[in-house]
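Coordinates in review
Each chain, written out:
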Amino acid sequence: MKKNNRIDVIVPCYNAHATLRRALLSVAVQSIAGEIDVTIVDDCSPSGGYEPVLAPFRPWLSVRELTLEENVGPGLARQRALDATHNPFIVFLDSDDTLAGPRSLEEMRAALEADANLTMVSGDFFSAGETADGSVAFQPYRGDMTWLLGNVYRRSFLDENGIRFIGPRTSEDFGFNTKVRLIGGMNRVLLYKHPAYCWYQLPQSFTRADPLRFAYDRNAGDFCETLLDALSLARRRGAPQKEIAASAVYGMMDYYRRVSEAEKLYPSAAEKNREQARRFYREMYREIAPEIPQRTYESQLSLLAERMSKTFPVESLSHLARDFAAFLETLAGEVRA
């Protein structure tokens with residue numbers, strides 16, 4: 001009996017009729033298109049189902065539609081498809097994006113088949129920022145595991161470790177990959193150093209149409225929820241404490257950044273971010289803080305300075321360290337009160 005080595009490509013869709021053809025075409029031109037099963041998840045789209053889009057592809061591609069009776073968001077839509085499929089390898093594709101390179105899935109799957117210790121292969125990707133006048137700005141992303149973009153996952157690893165999507169509609173990809181990275185370890189992730197995915201940043205998308213509201217309002221609680229979930233699962237699965245500590249410091253420092261920036265750029269959401277910072281401090285950070293190595297703290301502080309300098313000038317690392325320490329002291333007092 002031939003071993004199953006097929007790939008499930010999962011595509012959550014919400015009113016994606018205008019872009020889904022482009023996404024499916026990028027799957028259909030893969031060199032192993034005949035070994036791929038595509039599951040389109042209709043997340044209760046008000047404009048109706050996707051059969052008119054799918055029908056022309058059926059002679060060339062194994063594709064089915066999974067229709068949800070309520071809108072659950074992209075994370076849970078992907079999870080519904082994961083629960084309804086069974087192939088050993090998994091790829092996530094957003095309905096307005098495309099795969100890049102006709103041999104990328106073949107080569108990434110081959111790497112997973114050649115090394116049973118690998119949990120995933122993570123490909124490079126690039127963004128295509130489209131504007132209303134039709135121009136496009138490209139930006140490369142190399143070795144970036146923040147998003148689901150351009151990755152092939154081993155299903156057995158996800159199942160064995162209970163790695164699942166949860167409810168938040170933003171940062172769901174960050175939370176999912178944090179679980180994969182912490183539980184499996186980066187030594188079990190192979191970086192496929194070729195473009196495997198194109199991320200289309202459409203002008204009408206929420207992140208581009210109202211980026212400040214997205215960053216400082218909509219995403220404030222979701223980031224906390226997904227990171228708490230990821231760190232909690234990683235601890236239960238025995239992930240290295242050093243790596244958990246580094247992610248906890250990253251999260252706490254990121255809330256310092258969010259609060260600082262929101263106060264200047266989106267004041268109505270500053271308290272919302274501060275409340276989520278208190279929650280993260282209370283439920284995770286204060287317990288882990290005594291175990292954080294100084295080297296980890298310093299490296300994360302350098303990354304924080306790099307992130308913040310994209311928005312406001314950073315005076316110095318020592319000044320930033322003092323401000324962050326004062327921020328933690330304030331949170332500690334608020335949590336105790």
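Just so it is clear, the model here is predicted, and its values are computed rather than measured. (Residues numbered from 1 in each chain as written. Predicted model: local features only at pLDDT ≥ 70, side-chain atom pairs only at ≥ 80, totals over all residues. Heavy atoms only, no water.)

Attention now moves to the pairing of strand β8 (residues 151-154). Residues N151 and Y153 line one face of β8 and the alternating positions V152 and R154 line the opposite face, and both faces are buried. In this structure, strand β4 (residues 89-92) lies alongside β8, joined through two bridges in antiparallel fashion. Looking across to β8, one finds that I90 is bridged to Y153. Here strand β6 (residues 120-130) pairs with β8 via three bridges, running antiparallel. Note that in β8 the partner of M120 across the bridge is Y153. (Buried < 20%, exposed > 50% of the residue type's maximum accessible area, 1.4 Å probe, protein only. Helix = DSSP H or I, 4+ residues; strand = E, 2+ residues; numbered from the N terminus. Pairing = 2+ DSSP bridges.)

Despite not being glycine, N15 has its phi angle at roughly 50°, a positive value. Of note, N15 is situated in the loop between β1 (7-13) and α1 (20-28). In this structure, S171 takes a positive phi of about 60° despite not being glycine. Note that S171 resides in the loop between α5 (155-160) and α6 (172-184).

So, about the packing of aromatic side chains. Counted by the stated rule, this structure contains 20 aromatic pairs. Plain terms: the ring middles of Y297 and F324 are 6.2 Å apart, the flat faces sit at 40° to each other, and that makes the pair tilted. Here Y297 is found in helix α11 (residues 294-308), whereas its partner F324 is found in helix α12 (residues 317-336), with 27 residues between them in sequence. Among the residues examined, F324 registers a relative accessible area of 0% and is labelled buried. Among the aromatic residues, those joined into a cluster by ring pairs are F92, Y153, F165 and F176. Between R22 and the ring centre of Y200, over which it is positioned, the NZ or CZ distance is 3.7 Å. The ring of F312 has K264 lying over it, and the distance from NZ or CZ to the ring centre is 5.3 Å. (Phe/Tyr/Trp six-rings, centres within 6.5 Å; stacked < 30°, edge-to-face > 60°. Lys NZ or Arg CZ within 6 Å of the ring centre and 35° of its normal.)

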